[in-house]
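# Summary of the model geometry
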Amino acid sequence: MQPEPSARTETVTHSGSAEGFLGRMTDKLGATARAATVFGDPVERNGVTVIPVAKARWGFGGGAGKRRDEDGAGGGGGVQVIPVGFIELRDGGAEFRPIRNVSFGWLILGGLAGLFLLGRACSRRT
């Protein structure tokens, strides 16, 4: 998998038609939309081959306007690539192994629940 930032944004402004601008924006973001973005290069060690797998998201937006004798267009877009697991090839079989990430919100919620339960246990002893 080629190293890519987890989020990349680009802003473009251009004097011209909205169709031309959106076409150029689509071309720029579409160049990163390929299988190599989601599936990494296979790595083989001790008879086991591992293929990294990522989730990729693309998005963009733009607009155009005209006032008096002037017109223009602008917008931006980005891509986010997040590792989600790997495919393990072993003994003629294949298995997807997810990477389990615990989100920060769940960690905070778990910590608060733990403090609440600890507080209740301490208050029962007194």
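Our structure's up above, just so we're on the same page.
These remarks concern the structure in this document. (Residues numbered from 1 in each chain as written. Predicted model: local features only at pLDDT ≥ 70, side-chain atom pairs only at ≥ 80, totals over all residues. Heavy atoms only, no water.)

## Some points on the overall build of the chain
Operational definition: Think of it this way: any DSSP run of H or I at least four residues long counts as a helix, any run of E at least two long counts as a strand, and we number them from the N terminus. Residue contacts follow a heavy-atom distance rule, with two residues in contact if any of their heavy atoms lie within 4.5 Å. Each accessible area is a Shrake-Rupley result for a 1.4 Å probe, and residues are judged covered by the shown protein chains and nothing else.
The number of helices and strands found in the chain is three helices and five strands. In sequence order, the chain lays out its α and β elements as β-α-α-β-β-β-β-α. Long-range contacts, defined here as pairs at least 24 residues apart, represent 59% of the contacts in the chain between residues at least 6 apart. Carbon together with sulfur atoms contributes 58% to the accessible area of the chain, which is approximately 9400 Å² in total.

## Here we look at the environment of Glu88
What counts here: Think of it in three bands: residues with accessible area under 20% of the maximum for their type are buried, residues over 50% are exposed, and the middle band is partly exposed, with areas taken using a 1.4 Å probe on protein chains only.
By the element assignment, Glu88 lies in strand E4 (residues 70–90). Taking relative accessible area as the criterion, Glu88 reaches 12% and is therefore assigned buried. Along the primary structure Glu88 and Thr49 are separated by 39 residues, whereas in three dimensions their C-alpha atoms are 5.9 Å apart. Ignoring sequence-local partners within four residues, the contact set of Glu88 consists of Val48, Thr49, Gly93, Ala94, Glu95 and Arg97.

## Points about the side chain of Thr49
Secondary-structure assignment places Thr49 in strand E3 (residues 48–67). A residue is classified by how much of its surface remains accessible, and Thr49, at 19% relative accessible area, is buried. With sequence-adjacent residues up to four places away left out, Thr49 is seen in contact with Pro42, Val43, Glu44, Ile87, Glu88 and Leu89.

## Points about the pairing of E4
How we decide: Strand pairing is defined by DSSP finding a minimum of two bridges between the two strands.
With 19 bridges connecting them, E3 and E4 associate as antiparallel partners. Paired with Gly59 across the two strands is Gly78, which belongs to E4. Between E3 and E4, which pair antiparallel in sequence order, lie two residues; one of them, Arg68, sits at a positive phi of approximately 45 degrees. The pairing of E4 with strand E5 (residues 93–98) spans six bridges and is classified as antiparallel. Across the sheet, the residue bridging to Leu89 is Ala94, located in E5. The hairpin formed by E4 and E5 contains two residues between the paired strands, and Asp91 there has a positive phi angle of roughly 50 degrees.

## Comments concerning the pattern of salt bridges
Oppositely charged side chains are able to pair whenever their charged atoms sit close together. As a reminder of what qualifies: We define a salt bridge as a contact between a side-chain nitrogen of Lys or Arg and a carboxyl oxygen of Asp or Glu at a distance within 4 Å.
Scanning the model with the defined rule gives four salt bridges in all. Of the charged contacts, one joins Arg67 and Glu70 as a salt bridge, the two residues approaching to 3.4 Å between their closest N and O atoms. The exposure class assigned to Arg67 is exposed, which follows from its relative accessible area of 58%. Between Arg90 and Glu88 there is a salt bridge; the shortest N-O distance is 3.5 Å. Through salt bridges with shared partners, a single network forms among Glu88, Arg90, Glu95 and Arg97.

Such coordinate-based values are descriptive only and should not be taken to indicate function.
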